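Below, each chain spelled out in residue letters.
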Amino acid sequence: MKPPIFSKQHEDRIFLWAHRGASACAPENTLAAFRLAEAQGADGVELDVHLSRDATPLVIHDDTLERTTNGRGAVADMGTRELRRLDAGRWFSPAFSREPIPLLVEVLEWAADRVALNLELKNRRTGEVVLRLLNDYPHCKVLVSSFDHRLLKTLRSAAPQLPLGFLCESRFWRLALRRAIAAGAHSLHPRQDLVSASLVRAVRDAGLAIYPWTVDETKRAGKLLRLGVDGLFTNQPGVLREKLESAGRLTIARHLLT
Ligand code: G3P
Ligand code: MG
């Protein structure tokens, strides 16, 4: 496997992933949230991927439209053109009216080789299509993650070089770690409340990176940093960065984006 591009190289540096973009300040999973995340000093942006009816990868968290758009029904039941007409910003604030659901290709174009992207694949259908698209963007810094270890294994076979992350929200983290290792994952992404000293130690001993989600509280972030995590997912990269830096706990790891 190619050396991971997100790995921690210095003890005092961590990697800040903006969860669904800077989603505390802008509508999640929109280009507005991604641009803001970059402006706030995030090292990378996490986003969620679903396919439209015509198998185009789009960036949205839920498999239905109601919560974050003015549409109704399942994402997978609608064509790309219809989905693109929806408003994915107004639910958050009128200031973001007409913000569309991004196409994954738009986000890859935007991020280029500047901002790392963590593409979280929300179902198996997405795997093959996303891999095909990534072939056209070899300069992008992409980590693909999923809660589905079988999907990760399939991706690993098809793309031996692609950095993969296994998401874990079970307290049976030893099993999750075994699955992450079996899938050739670069990293384990546990829900933040599951993280303990023994978990961090085991992940690091296995040679994987560890990025817990989602951490907005400075105190909790500080505790996780002391345990030795490699990075964090946060909804507010700007606030967290500032608070941790002023507490002398964080040096943003921009240089890790080699
Ligand atoms: O990738 C970390 C996190 O996004 C996983 O959960 O539900 O926010 O996609 P969710
Ligand atoms: Mg996600």
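Parameters and conventions
Residues numbered from 1 in each chain as written. Chains lettered and ligands numbered in written order. Predicted model: local features only at pLDDT ≥ 70, side-chain atom pairs only at ≥ 80, totals over all residues. Heavy atoms only, no water. Near = heavy atom within 4 Å. Polar contact = N/O pair within 3.5 Å; in protein donor to acceptor, adjacent residues only side chain to side chain. Nonpolar A, V, L, I, M, F, W, Y, C, P; charged D, E, K, R; others polar. Donors = N, O, S within 2.8 Å, 3.2 Å for Na, K, Ca; no water. Helix = DSSP H or I, 4+ residues; strand = E, 2+ residues; numbered from the N terminus. Buried < 20%, exposed > 50% of the residue type's maximum accessible area, 1.4 Å probe, protein only.

You'll find the protein entered in an unreviewed UniProt entry as Glycerophosphoryl diester phosphodiesterase, with Geoalkalibacter ferrihydriticus given as the organism.

Q: Provide a residue-level description of the site of ligand 1, including the pertinent values.
A: Close contacts around ligand 1 come from H19, R20, E46, D48, H61, E120, K122, F147, L167 and W213, and that covers them all. Between ligand 1 and H19 there is a distance of 2.8 Å, counted from an oxygen atom to a side-chain nitrogen or oxygen. Here an oxygen atom of ligand 1 sits 2.7 Å away from a polar atom, N or O, in the side chain of H61. Here the shell around ligand 1 is built from residues that sort into 3 nonpolar, 2 polar and 5 charged.

Q: Describe the coordination of the magnesium ion (ligand 2), with residues and values.
A: Coordination of the magnesium ion (ligand 2) by the protein comes from E46 (OE), D48 (OD) and E120 (OE), over a distance range of 1.9 to 2.2 Å. Between the donor residues of the magnesium ion (ligand 2), the gaps in sequence give the motif E-x1-D-x71-E. Of the two residues, E46 sits in strand β2 (residues 44-51) while E120 sits in strand β4 (residues 116-121), which places them 74 residues apart along the sequence. By relative accessible area, E46 is classed as buried at 3%. Residue classification places E120 among the buried residues on the basis of a relative accessible area of 5%.

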